[in-house]
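# Reading the structure
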Amino acid sequence: MRDRDPEGRPRNARPRDAYGRPLPYGSTGMPRVPDDYAPSTEQALADGRRFLEEGLPFNAHEVFEGRWKCAPEEERELWQGLAQICVGLTHLQRGNGRGAVTLFSRGRPRRSRTAARTTPSARRPRR
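Because the structure is predicted, anything quoted here is derived from the model rather than measured. (Residues numbered from 1 in each chain as written. Predicted model: local features only at pLDDT ≥ 70, side-chain atom pairs only at ≥ 80, totals over all residues. Heavy atoms only, no water.)

Right, let's talk about the environment of Gly-81 for a bit. Here Gly-81 lies in helix H3 (residues 73–93). Taking relative accessible area as the criterion, Gly-81 reaches 0% and is therefore assigned buried. (Helix = DSSP H or I, 4+ residues; strand = E, 2+ residues; numbered from the N terminus. Buried < 20%, exposed > 50% of the residue type's maximum accessible area, 1.4 Å probe, protein only.)

Written as C-alpha cells, this is what we have:
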C-alpha cells in the first residue's frame, strides 16, 4: 500500500537506492526530492542539471516532475518530456534497454513539440 498524506494524496516515503529502486522501509536510502517541491524554471534547470551531472537521473526526473506539476499549462509538456527522458536514463542504469527506448520515445516528441512552439524559427512561415 502506498503512503498517503492527511488529504489522501500519494507520498513517496519509501526509501530508494541511487537508481530509484524502492528499498525496504527503515533502510537508509538516497536523499529524495520532497513531494511538495515546486521549483521555478531556473531552479528546476539548475537542480536537474546537478543531478544529471552526479549520475542521478531518477532524482532529475523528480525535479522535472515537480516543475511539471506547478508550471504554466503551456510549459507542462516540456517538463513532462524531460522527466520521461530522465526515467529512460534511469532504465538504462538499471540495465533495462527496452524500458529506456520506450521512455525516450515518449519524452522526445513532447520536448520537440514544445521547442517547435516556442522557438522563433518555428514561427517563421515556410517558403
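Per the counting criterion, the structure on display carries eight salt bridges. Notably, a salt bridge pairs Arg-50 with Asp-47, separated by 3.6 Å at the nearest N-O pair. Here Arg-50 and its partner Asp-47 are both found in helix H1 (residues 41–53), three residues apart, which amounts to about one turn of the helix. According to the relative accessible area criterion, Arg-50 is partly exposed, its value standing at 36%. Residue class for Asp-47 comes out buried when judged on its relative accessible area of 11%. Between Glu-53 and Arg-49 there is a salt bridge; the shortest N-O distance is 3.0 Å. Here Arg-49 and Glu-53 lie together in helix H1, a separation of four residues that amounts to about one turn. For the pair shown, Glu-53 and Arg-49 are each scored as exposed. (Salt bridge = Lys/Arg side-chain N within 4 Å of Asp/Glu carboxyl O.)

Taking 1.5 Å per residue, 13 residues should reach 18 Å; H1 reaches 18 Å between its end C-alpha atoms and fits that length. On the buried face of H1, the contacting elements are helix H2 (57–70) and H3. With its phi angle positive at about 75°, Gly-55 sits one or two positions after the end of H1. (Expected span 1.5 Å × (residues − 1). Contact = heavy atoms within 4.5 Å.)

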